[in-house]
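Geometric and topological summary
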Amino acid sequence: MKRSFLFLLLLLIALSGAVPGYAQNTEERSFVYATNHYTGNGYASALIPPSVDEVFLLSGSPSIIAAKETNLYYWPITNEYKADWESLNLNASGELQIYQGSNLISSVPQSKYTLQYDGNDPAGTYRLFLNEEAETAYQQYLDRRKQYRDDLNQYHQLINAFTILYQDALKKVSEGLLSPDQLPQAPIAPPDLTLFSSEILLGYPVDLPVGDYRMQFRLPDGEVQPGSVKKLKVFEALRVGTGYKVADLERWNQTEDSFSTTETIYCLDGHTYFLRPFSQTEYNQRYFVRMNNPQDKLSREDRQIWVSSKAISSADLQIKSTANTYSAPVEGYYVRQILGTKLGYEIVPSRETEQGPTFEAVRFVADQGRAYSIELTDASGGVLPGSARQIRCTQTSRSPWLYVLSSLPLIIGLAIYLARRAKVQTHKPIEG
Amino acid sequence: MSSKKILPGREASVIASHIGQLTWRGIGIFIILFSALLTGAVLLNNSTRFLEKNLVLVDKEPLFLPIYLSGVVLSIFIGLLASMRVARELDKGTLELLFYGPVESRQYLSGVAIGYMGIGLASVLVILFWAKLSEMLLNLAPDAKLFGLLLSVFLMICAFLALSLLIAILGGKARNAIAYFVLAVFLLLSFQIGDSLLSTLLLGGSATATDALSLVRKILYSVNEVLRWLSPFQITFEAAQNLNHGAITKYLIGNILLIAETLILMTFAILRLAGKGVRGER
Amino acid sequence: MKIEFKDLTKKFGTFTAVDKLNLSLESGESFGFLGPNGAGKTTTLLTLLGIYQPDSGQILIDGQPVNAGTRRKIGVVAEYQTFYDEMTAREYLDFFGRLYQVADAQNKAKVLLERLQLADWADALIGNFSTGMKKKLGIVRGLIHSPELLILDEPVSGLDPFGIMQVRELIQEQHKLGTTLIISSHVLSEIEKTVSRVGIISKGKLLKEGSIADILGGQKTFSQWQVQFLEFPPNAKAALAAADFTLNIEEMPEQNTYQIQANPGSVEGGALGRFALQHGLITTQLHRQDISLEAAFIKISEESLQNLV
């Protein structure tokens, strides 16, 4: 009776929790922060709803914290609050105040900013422009975009004209009035516009040294915006390293990532692998994950996370085994589709083709039962940090022997049991 | 208090060797070892099957999970053996016979604990031997951290053993002891597994979310937060993860926690047996 | 080993199992505890062994309270004994020998097993032992460390007449070597045979204690033997009546039995069996009842009950 009452009570509590859960799906006008924060490689954005009390930013480059009013709703499927920017997206007026301890160290006024990304930049990073620079950069982007559109229009006109001329010339060639060498040359297309830019936005740029801070939003009337006080943690990278994306020749587009030097890459005998090295940076797991997803609950402060930055295209892999030591360069490989073959493709060095590389990697063939130590060296022979790994060719065919090994205690136990039975008198004495 | 009174002394060592003899003469411990190694073999075999299917595998230590789970199997069954032995001795009256002589609750329980810890240590060495053979068999990378993991597994066996002895003393009769034991194992494992399952199902999560699943998870999370500091399985799992991530200080703290738990639970068990007596309370 | 019970009281809830018991046993003395079931005999002995803690009063062994050190010098043969059935007798005795730190436990065990004719079963599993064999093994365990005090609770229950004789001889030998004996038994003849002083306990109170002669007072004593034969031998009466020890003889043909009254201590069971065998008679059962001590016990108990009413 008592137990069923307890069960009923728990059920009621659970259900009572469920009802407001659905009720919360309605939108609610709220003050929120939103970030366009520096991630080490570029910029990313995140929403900081009222339920989050700590904001994480990476040091080294300015990040933007925007103070907004929007409609918030709770999305039970992912268990998160989301902003309905379409219905309401207001920039709050005021200044962002940053404290360290009880000292006000910065009152950040609202600034204009824009974020730009140039696809031609080999680093592939975003750039943040503030205030006048933002206006200039945005204007330059608009100019370049306009120029590109004008060039494109002109190109379209030229290509239209060229098409008519070309068809006419072809006709003349077929009539023998014109030699094929005299066909008109096609106009050259303008280069693609690789620059992308955001509009001019409003926010509060923050560029602080590593440390623990507190921030609040002060309104023009001098009052502190309710719900705006948050902890602010500025952190830095722990170290840099080298990772590998490893793929078998038979499944070249399915890679396994190896981030840590303590990891071992297990291979199969006789298989060919491609190791694609990349630079990476290590961060505190909680800080980095919460910076990108402030509502995360799973990350841990006592763990680290490796974040890949860019592929390494120029280095040599030093491969050591008990049999020999050799070096193999990182080079471009081209995946050529071949119909009718087993794999449907072949992977060849791109230098042997006229095509650009599909990926850049070191080719590696795993010998039977071998163990290898690998590390990457740069042009000067220096070892790239964190590039050492072990590669092992695993004898998977022997795995059934694991069960035989596991049975050994049973066999020994049975032997001991039988030996004891033989030693002791197990029959009953006659009563009396 | 003199050291003579604190240390369990010769009687405990005689009882420990008695426990050892009784256990190694039976087939039960060998079946337990077989079950533990079989668990490890199944998990390791799964890794090799994954490698055959995926053609490449990146792993820090493929033996960690098999060894940890083998340790959990060992802990449960060695704990059950110990719990049953003490409950049966109480039930049957053989314990009373020992208490007629120079044996007291402190010496008896210390002796039993030392005996089964010895069995646990020998079992851990068997796992080490199995792991090293498996390494050679499959050409896995040898890792010195394996020794650290096995130390934690041994301490987990000790802590769970102490809990099992306390359960046996509290249960009194063998039937009660089994019921309490099964309940304890079920609670410890179900909260640990339940919380991690729900954490995986519900990505992220807000502190103010109030839907039904979130509430269940919050309850599980809260209980698990407590169990993180109490459950030998959980503490060892954390310690193993810390070891794997190179957080040596936290790994050591986990081990110290296991030792402290063993000592605290043993003290409780000894005090309870001394207070209750071998004939129980009337 | 001198034992003193001083105002010993042990209660279980509202039930007083032992009530202000005062008793003193000198070193080397043999003492018998008499009393009906639930009288407090076992509780007194278990308190002496430290299994129960007294509610008031105390027990001193050689002037010291009971502790592990004193218990090491005590040998116990309990009425209902439990064993590790998966061990052999040799292993079992070896375990207790090590526990009591007996230097030559293996030799001692061998000698004692031979004395009680268990040597052939030294390597047999105890789980396969008969009740009598287990009783004997319990006695060997109680004696393995040459105790200074031997506590025997119903030492001969479950034993055959020959076994009773073997055990009694062994106990008496121990006593002669200086071991203090405390025997608790319902078989009053056994008490009378083995101890020099008895105490009668009822409802937790020690009603009377003293030498057997004191307890008996002026009562006439005799032992009453019931001798059962395989078949009732009508012609045996003359031979039995002519024996030195016989005071009176009665026939009980329905049970194939003769009832013989004899002077106390004038004949042993073994001697009676041998006497019958000499006359071509095969006995199947010998049972002795000491009418005197039993009668005194009942009388004292009844008087005590009347006083209580």
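Right, let's walk through the structure included here. Each chain carries its own residue numbering, running from 1 in the written order of its sequence. Written order decides the labels, with chains lettered from A and ligands numbered from 1. In keeping with the predicted nature of the model, local features appear solely for residues at pLDDT of at least 70, side-chain atom pairs appear and are counted solely at 80 or more, and the whole-chain, interface and lining totals rest on all residues. Hydrogen atoms and water are omitted, and side-chain values are computed over all heavy atoms in the structure.

**Things to note about the overall build of chain A**
How we decide: Only runs of H or I of at least four residues qualify as helices and only runs of E of at least two qualify as strands under DSSP, and these elements are numbered from the N terminus. Each residue gets one of three labels from its accessible area relative to the maximum for its type: buried under 20%, exposed over 50%, partly exposed in between, using a 1.4 Å probe on protein chains only. Note on contacts: a residue pair is in contact if any heavy atoms of the two residues lie within 4.5 Å. Residue burial considers only the protein chains on display, and all accessible areas are found by Shrake-Rupley using a 1.4 Å probe.
Counting its secondary structure elements, chain A contains four helices and 25 strands. Relative to its 432 residues, chain A shows a buried fraction of 41%. Across chain A, contacts joining residues at least 24 apart in sequence account for 65% of those joining residues at least 6 apart. For chain A, the exposed surface amounts to about 24000 Å²; the carbon and sulfur share of it is 53%.

**A few points about the interface of chain B and chain C**
This is how the line gets drawn: By definition, the buried area sums, over both parts, the 1.4 Å-probe accessible area that each loses when the two are put together. We define a salt bridge as a side-chain nitrogen of Lys or Arg found within 4 Å of a carboxyl oxygen belonging to Asp or Glu. Here a polar contact means two N or O atoms within 3.5 Å. Within protein one must be a hydrogen donor candidate and the other an acceptor candidate, and residues neighboring in sequence count only if both atoms are side-chain atoms. All amino acids are sorted into three groups, where Ala, Val, Leu, Ile, Met, Phe, Trp, Tyr, Cys and Pro are nonpolar, Asp, Glu, Lys and Arg are charged, and the leftover types, Gly among them, are polar.
Residue-level contacts link 26 residues of chain B with 25 residues of chain C. For the pairing of chain B and chain C, the buried interface totals around 2500 Å² over both sides, and the portion due to carbon and sulfur atoms is 59%. Between Arg 72 of chain C and Glu 11 of chain B there is a salt bridge; the shortest N-O distance is 2.1 Å. The tally of links between chain B and chain C comes to 11 residue pairs in polar contact (both at pLDDT 80 or more). The set of elements that each furnish at least two residues to the side of chain B that touches chain C consists of α2 (9-25), α4 (64-92) and α5 (94-99) of chain B. Examining the composition of the side of chain B that touches chain C, we find that nine residues originate from one element, α2 of chain B, more than from any other. By residue class, the composition of the side of chain B that touches chain C is 10 nonpolar, six polar and 10 charged.

**As for the environment of Thr 23 of chain B**
Residue and element names in this part refer to chain B. Along the polypeptide, Thr 23 turns up in helix α2. The residues touching Thr 23, leaving out its near neighbours within four places in the chain, are Ile 29, Leu 81, Tyr 116 and Ile 119. Of the polar contacts made by the side chain of Thr 23, one reaches the backbone oxygen of Ile 19; its length is 2.7 Å.

**Topic: the interface of chain A and chain B**
Counting residues at the interface gives 63 residues for chain A, matched by 56 residues for chain B. For the pair chain A and chain B, the two sides together bury roughly 5300 Å², of which 60% comes from carbon and sulfur. Linking chain A to chain B there are two salt bridges. Between Lys 250 of chain B and Asp 302 of chain A there is a salt bridge, with its nearest N and O atoms 3.2 Å apart. On inspection of chain A and its partner chain B, the count reaches 21 residue pairs in polar contact (both at pLDDT 80 or more). Within the residue set of the side of chain A that touches chain B, elements represented by two or more residues are α1 (2-23), β14 (239-248), β15 (256-258), β16 (264-268), β25 (389-394) and α4 (401-423) of chain A. The element contributing the most residues to the side of chain A that touches chain B is α4 of chain A, with 14 residues.

**Considerations on the sheet that holds β16 of chain A**
Within a sheet, adjacent strands bond to each other through the backbone by hydrogen bonds, running parallel or antiparallel. Test applied: Note on pairing: DSSP must find at least two bridges between two strands before they are called paired. For helices, the fitted line uses only the C-alpha atoms of the stretch in contact; every axis is such a line through C-alpha atoms, and the angle between N-to-C directions lies from 0 to 180 degrees.
On the basis of which strands lie adjacent, the open sheet formed by six strands has the order β20(A)-β19(A)-β24(A)-β25(A)-β16(A)-β1(B) and mixed pairing. Single-partner strands in this sheet number two, and they are β20 (325-329) of chain A together with β1 (57-59) of chain B. Strand-to-strand twist across the sheet, computed as the mean angle between neighbouring axes with direction ignored, equals 25°. With five bridges connecting them, strand β19 (residues 316-321) of chain A and β20 of chain A associate as antiparallel partners. Counted as the bridge partner of Lys 320 of chain A is Thr 325 of chain A from β20 of chain A. Its contacts with the sheet put helix α3 (residues 28-54) of chain B on β16 and β25 of chain A together with β1 of chain B, and the angle it makes with β16 of chain A is roughly 65°.

**Digging into the pattern of salt bridges**
All names here are of chain C. Per the stated rule, a full pass over the model turns up 33 salt bridges over all chains. In this structure, the salt-bridge partner of Lys 205 is Asp 19, at a minimum N-O distance of 2.9 Å. Of this pair, Lys 205 sits in strand β10 (residues 205-211) while Asp 19 is found in strand β2 (residues 15-25), placing the two residues 186 residues apart along the sequence. Exposure remark for Asp 19: the relative accessible area of 22% places this residue in the partly exposed category.

**Quick look at the pairing of strand β24 (residues 371-377) of chain A**
Regular strands place side chains that alternate from one sheet face to the opposite one. Residue and element names in this part refer to chain A. Where β19 lies against β24, six bridges are found, and the strand directions are antiparallel. In the sheet register, Lys 320 faces β24, and the bridge partner there is Ser 373. The pairing of β24 with β25 spans four bridges and is classified as antiparallel. Bridging across to β25, Ala 371 finds its partner in Arg 392.

**Comments concerning the environment of Pro 409 of chain A**
Within the secondary structure layout, Pro 409 of chain A lies in helix α4. When residues no more than four places from it in sequence are discounted, the contact partners of Pro 409 of chain A are Phe 30, Leu 33, Phe 34 and Leu 37 of chain B.

**Some words on helix α7 (residues 145-171) of chain B**
In an α-helix, one full turn covers 3.6 residues, which means residues spaced three or four apart are oriented alike. Residues and elements named next belong to chain B. Rules: Expected helix span is given by 1.5 Å per residue-to-residue step, counting one fewer step than there are residues.
A rise of 1.5 Å per residue sets the reference length of α7, with its 27 residues, at 39 Å; its end C-alpha atoms lie 38 Å apart and thus fit the reference within 8%. For α7, a buried count of 23 out of 27 residues is recorded, marking the element as mostly surrounded by other parts of the structure. One or two positions beyond α7, positive phi appears at Gly 172, with a value near 75°.

Functional significance is not addressed by these values, which are geometric in nature.
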